[in-house]
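# Fold and geometry: a report
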Amino acid sequence: MKNIVIGTGSLLMGGIERVLQEVLKNLDKNKYKIFLFVEKDYGKSNIFLDEIPKEVEVYFLKPYSLIEKAEYYRDKKKNIFYKLLYNIQMKKERKIGNKSLFLYLKEIEEKYGKIDTFIDFNCGQNKIIKKINIPNKLAWIHISMPKLLKSKNKLFRFGLKLKGYDKVVTICDEMAEEMKKLYPYLKEKIVRIYNPFDFERITYLSNDNLSLIPKEKELIKENYILAVSRLALEQKDYYTLIKGYKKALEKGIREKLYIIGDGSDREKIEKMIQDEELENKIFLLGEKKNPYIWMKNSKLFVHSSFYEGFGLVLVEAMICGKVVLSSDCPVGPKEILTKDSCGVLFKTSNIDDLSEKLESLLLKENLEVYQERIKNRIKEFSTEEIMKEYEKII
């Protein structure tokens, strides 16, 4: 049996966390003894903690008390005193996190023998990866790095850190090509493995209304389109979504817009909705552990983003039988929708293009044409096929 350590950032509600949950559930427990290193303990907000298979041993590198204090200082960072305290706290966090990581690695090896593979699932240990003495070290890249890091200097330094891994896994072909152009010296290390999706589970949950409270049972009966993403304006383009949706309303669409997700920019997005006088049309539903029932009952799935790693929710919506309208941002949407054959792309940050395509899909086009193509496309994302690639690289 091989010993595998998988590192991740948190167990909050998010795309990486949902993929990780699927991976942990489907790795063969007869072949692998799995240890999960979670960088930050968010206490009661560790939404996915209860869903981790019982065979997986979980270690938190930074305790909740440490994270709680850092977030308190961060919220007050406008004050120079608290900014200083925040910077001190972050240094303390890194030191404690690194110390815990090496301590736990030592404990595991003393108890279970050598560790065969280290999977850095969020690439969070890139600064110290060369110090981790494990024969097979794998990095997973979930997002377009040029869009995330932006500056040439940061991109250059990140590439040097990636040299410490034996393989660098990207989650779509477009991202793999992007990485090869950025770091030609890593070309032989870069591979593409799609994210796995549990079709059976998603389909089951898309029909499970037991988690809905009475108010939600009424909301879900409405005629609506759906967006699911973090409320984070740096990556998610809510300005275009809200403005484009309003224009489509003026052209005659009647559907409401529901948004599932939460994040640091919730208040700013609420203000956008108020400024456009759309409080009776756009509803922020917050985080939902089961977004699939909302997908299944929606008329259309819409996604507006400046950049993506893959676009996990696009595939999930397609599994729920929904046609997707997405911004043509790097990287992922174009590949998932195979250009425009399994969904529709609009020009990123283009309000008019979004509104025109919303109007066309909801008032003019026959959505069944797309739905037939979707059935064949989603087969490529089945857990069974993708887990074979995981095992191969491990």
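Higher on the page you've got the structure.
Description of the structure in this document. (Residues numbered from 1 in each chain as written. Predicted model: local features only at pLDDT ≥ 70, side-chain atom pairs only at ≥ 80, totals over all residues. Heavy atoms only, no water.)

What follows is about the side chain of Ser-206. Of note, Ser-206 is situated in helix 7 (residues 199–206). Looking at Ser-206, its side chain comes within polar contact range of the main-chain oxygen of Thr-203, at 2.6 Å. (Helix = DSSP H or I, 4+ residues; strand = E, 2+ residues; numbered from the N terminus. Polar contact = N/O pair within 3.5 Å; in protein donor to acceptor, adjacent residues only side chain to side chain.)

Our focus in this paragraph is the packing of helix 1 (residues 15–26) against helix 12 (residues 312–319). Contact geometry for helix 1 and helix 12: axes closest at 10 Å, N-to-C directions at 60°. With respect to helix 12, the axis of helix 1 lies oblique. Contacts between helix 1 and helix 12 pair Gly-15, Arg-18 and Val-19 from the former with Leu-312, Val-313 and Glu-316 from the latter. The class makeup of the residues in the contact of helix 1 with helix 12 is three nonpolar, one polar and two charged. (Axes fitted to C-alpha atoms, helices over the stretch in contact; angles between N-to-C directions. Parallel < 35°, antiparallel > 145°, perpendicular 65-115°, else oblique. Contact = heavy atoms within 4.5 Å. Nonpolar A, V, L, I, M, F, W, Y, C, P; charged D, E, K, R; others polar.)

As a further point, take the nonpolar core. In this structure, Ile-6, Phe-37, Trp-140, Leu-162 and Trp-294 are the most contacted members of the largest nonpolar core, which totals 128 residues. Per element, the largest residue contribution to this core is seven residues, and it comes from helix 12. Filtering out sequence-adjacent residues up to four positions away, Ile-6 remains in contact with Leu-20, Leu-24, Leu-27, Ile-34, Phe-35, Leu-36, Phe-37, Ile-119 and Phe-121. (Core = buried A, V, L, I, M, F, W, Y, C linked by side-chain atoms within 4.5 Å. Buried < 20%, exposed > 50% of the residue type's maximum accessible area, 1.4 Å probe, protein only.)

Before going further, it helps to spend a moment on the sheet that holds strand 2 (residues 32–40). Judged by pairing direction, the sheet is parallel, and its seven strands sit side by side in the order 3-2-1-4-5-6-7 without closing on themselves. Single-partner strands in this sheet number two, and they are strand 3 (57–62) and strand 7 (190–192). For this sheet, the mean angle separating the axes of adjacent strands, direction not counted, is 25°. In this sheet, strand 4 (residues 117–120) lies alongside strand 1 (residues 2–8) in parallel orientation, the contact comprising four bridges. The residue bridging Gly-7 from the neighbouring strand is Asp-120, located in strand 4. Strands strand 5 (136–141), strand 6 (167–170) and strand 7 of the sheet are contacted by helix 6 (residues 173–182), whose axis makes an angle of about 170° with strand 7. (Pairing = 2+ DSSP bridges.)

Moving on: a positive patch on the surface. Judged by side-chain charge, Lys-91, Arg-94, Lys-127, Lys-154 and Arg-157 come together as a positively charged surface patch. Broken down by secondary-structure element, the contributors of at least two residues to the positive patch are helix 3 (80–112) and helix 5 (152–162). The topology assignment puts Lys-91 in helix 3. With a relative accessible area of 59%, Lys-91 lands in the exposed category. (Patch = residues over 30% accessible without salt bridge, like charges linked within 9 Å, V, L, I, M, F, W, Y side chains within 5 Å. Areas by Shrake-Rupley, 256 points an atom, 1.4 Å probe, with all protein chains shown as cover. Salt bridge = Lys/Arg side-chain N within 4 Å of Asp/Glu carboxyl O. Lys, Arg positive; Asp, Glu negative; His and termini not counted. Charge placed at Lys NZ, Arg CZ, Asp CG, Glu CD.)

Where nonpolar side chains cluster on the molecular surface, the patch consists of Phe-156, Leu-160 and Tyr-185 and spans about 300 Å² of accessible area. Tracing the backbone through its elements, the reader meets Phe-156 in helix 5.

Summed over all chains, the structure comprises 33 salt bridges. The partner of Asp-353 in a salt bridge is Lys-357, and the shortest N-O contact between them spans 3.3 Å. Here Lys-357 and Asp-353 lie together in helix 14 (residues 351–363), a separation of four residues that amounts to about one turn. With a shortest N-O distance of 3.2 Å, Glu-372 and Lys-375 are connected by a salt bridge.

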